2 protein chains.
Amino acid sequence: MRSATPLKRRRGRPPKDQAGFSQTKAELIRSGMEVLTEKGYSATGIDEILRRVGVPKGSFYHYFKNKDAFGSELISNYAKFFEHKLDRSLGNRSLPALQRLSLFMQDAIDGMARHQFKRGCLVGNLGQEMGALPESFRRQLIEVFETWQQRLEACLEEAKAAGDISADTDCKQSAYLFWTGWEGAVLRAKLERTPNALQSYADFFINSLK
Amino acid sequence: MRSATPLKRRRGRPPKDQAGFSQTKAELIRSGMEVLTEKGYSATGIDEILRRVGVPKGSFYHYFKNKDAFGSELISNYAKFFEHKLDRSLGNRSLPALQRLSLFMQDAIDGMARHQFKRGCLVGNLGQEMGALPESFRRQLIEVFETWQQRLEACLEEAKAAGDISADTDCKQSAYLFWTGWEGAVLRAKLERTPNALQSYADFFINSLK
DNA sequence: TAAAATATTAGACCGATCGTCTATAAAAAT
DNA sequence: ATTTTTATAGACGATCGGTCTAATATTTTA
């Protein structure tokens, strides 16, 4: 489980080659993402995130004001990453719209499988924990959902125009529903450690559009 | 927020009127349920649960071996509570099967509204946290889902027999899907603090059966 | 090239939390 | 009446999370 990088890191101001890019910061974000999608925010200690990449505590508080600020950056980071993913998949005009959605879902299933279904969705994880999270996270998370919804809505509109889904589909509403249910499926896949919930939901949703 | 019950509790062995029933233990479970459905397991400390009901630590560890045992009892308790609820709603033969499901959902929505959508579902909450929870919780949670699924499956079979839903519906599969998506909707309702996700999902699911 | 400024690492520190343990109290059993 | 059982009371130590100050190495500037 442990990555255990006991390498002594260089102290002092680093050589100025990398333009505004910090390797250490990137490592912290990656490490944080891994742990948070598995265990959630509250259950995760900074120490664990640091240990994984062999970074001392001082560095963490150099790059982030505190744990909350770190969490907030994780959300932004995840959102951006996911947005690009959606643009490449749902927005890929060289494929039929509905097929793009199917591919996206299969891709996500494969992704979860690669981590033995131990890692979920950051947005879902934090959403569930809202009661223990800083209030500022709420808006951020809601906005992320809205972004995803817009991407899917556009895709569904294309499917409708192509006559692949029922002409009276409310694409906005369908897109909203999709993400709601999808999060449920991710949660359950994580609980059961199988792709079953995701696969079922994928088929179900596609079918509901026709 | 605080209930602040600074009442000095009776010390010593209690009068033997109540047959095997402990008021204090019940209070701890209720208190724990409230906090855990809001903040989750990891984010909640024993002290907070105790403070709410004015019970000292000694009592907690008198009734429960440790936090994990407490959590496990919470799950059992929640499962039993919910099972009865489902029996009364989904199993109420004096109503059309589909209508029972609608009523159950509306009831749940009202319930969440009463707590300003701050409390979610214990099973969903813990499921999401699995990465940080004792492995024994997993089986327990999966089994709870299965129980719920069976209740709904039976209800759907009745609806099918009555001709209210498509004759080729796979009731078991539909029931599985329902709970998967429902948890997603609960999560989102909690995030957005509105009944919107639940309402949408309710309509969507009922519609998908026809 | 020496001093000042800056960027980063290092880890001490404090408070909170978990679980244990001992003391106390009151009722029941003998 | 004495002992046993059931339960509350809360102090205590170990551990851990988050913050903060000191130390160190590099750049910048003069």
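For the structure, see preceding data.
A. Geometry of the environment of valine 55 of chain A. Within the secondary structure layout, valine 55 of chain A lies in the loop between helix H2 (46-53) and helix H3 (57-63). In this structure, the C-alpha to C-alpha distance between valine 55 of chain A and lysine 118 of chain A, residues 63 residues apart in sequence, is 24 Å.

B. Region of interest: empty space enclosed by the protein. Under the criterion given, the structure shown has two cavities of 30 Å³ or more. Volume-wise, the largest cavity comes out at about 60 Å³. Taken together, Lys39, Gly40, Asn125, Gln128 and Glu129 of chain A together with Lys39, Gly40, Asn125, Gln128 and Glu129 of chain B make up the lining of the largest cavity. Broken down by secondary-structure element, the contributors of at least two residues to the lining of the largest cavity are helix H6 (122-128) of chain A together with helix H6 (122-129) of chain B. Looking at the lining of the largest cavity element by element, the count peaks at three residues for H6 of chain B. Classifying every residue of the lining of the largest cavity gives no nonpolar, six polar and four charged. The computed volume of the second largest cavity comes to approximately 40 Å³. Of the residues contributing to the lining of the second largest cavity, the split by class is five nonpolar, one polar and one charged.

C. Geometry of helix H5 (residues 97-114) of chain A. Residue and element names in this part refer to chain A. For H5, which comprises 18 residues, the first-to-last C-alpha distance of 26 Å matches the rise-based estimate of 26 Å (1.5 Å per residue) to within 8%. Buried residues along H5 sit in contact with helix H4 (67-89), helix H7 (136-161), helix H8 (171-192) and helix H9 (196-209). Downstream of H5 by a residue or two, glutamine 116 has a phi angle that is positive, lying close to 55 degrees.

D. Spatial organisation of the relation of the copies chain B and chain A. Overlaying chain B with chain A gives an RMSD of 0.1 Å, the required rotation being 180 degrees about an axis along which the chain moves by 0.1 Å. Both copies of the chain, as the preceding transformation shows, are related through a two-fold rotation axis. Within chain B, the C-alpha atom positioned nearest to the axis of rotation is that of glycine 184 of chain B, 1.8 Å from it. Looking at the interface residues of chain B, 100% of them are also at the interface in chain A, so both copies use one shared face.

E. Fine view of the pattern of salt bridges. This model, assessed by the stated rule, comprises 28 salt bridges over all chains. Residue glutamate 83 of chain B pairs with arginine 151 of chain B through a salt bridge whose shortest N-O separation is 2.9 Å. Within this pair, whereas glutamate 83 of chain B is found in helix H4 (residues 67-89), its partner arginine 151 of chain B is found in helix H7 (residues 136-161), the two being separated by 68 residues in sequence. Glutamate 83 of chain B gets classed as partly exposed once you look at its relative accessible area, which sits at 26%. Shared partners join several salt bridges into a network, and the residues in it are Arg30, Glu34, Glu38, Arg52 and Arg119 of chain A.

Reading guide: rules and limits
Residues numbered from 1 in each chain as written. Chains lettered and ligands numbered in written order. Predicted model: local features only at pLDDT ≥ 70, side-chain atom pairs only at ≥ 80, totals over all residues. Heavy atoms only, no water. Helix = DSSP H or I, 4+ residues; strand = E, 2+ residues; numbered from the N terminus. 1 Å grid on protein atoms, 1.4 Å probe; cavity = no way out; pocket = protein on both sides within 12 Å on 5 of 7 lines; lining within 4 Å. Points joined across faces, edges and corners; volume = space filled by probe spheres on them. Nonpolar A, V, L, I, M, F, W, Y, C, P; charged D, E, K, R; others polar. Expected span 1.5 Å × (residues − 1). Contact = heavy atoms within 4.5 Å. Least-squares fit on C-alpha atoms with pLDDT ≥ 70 in both. Salt bridge = Lys/Arg side-chain N within 4 Å of Asp/Glu carboxyl O. Buried < 20%, exposed > 50% of the residue type's maximum accessible area, 1.4 Å probe, protein only.

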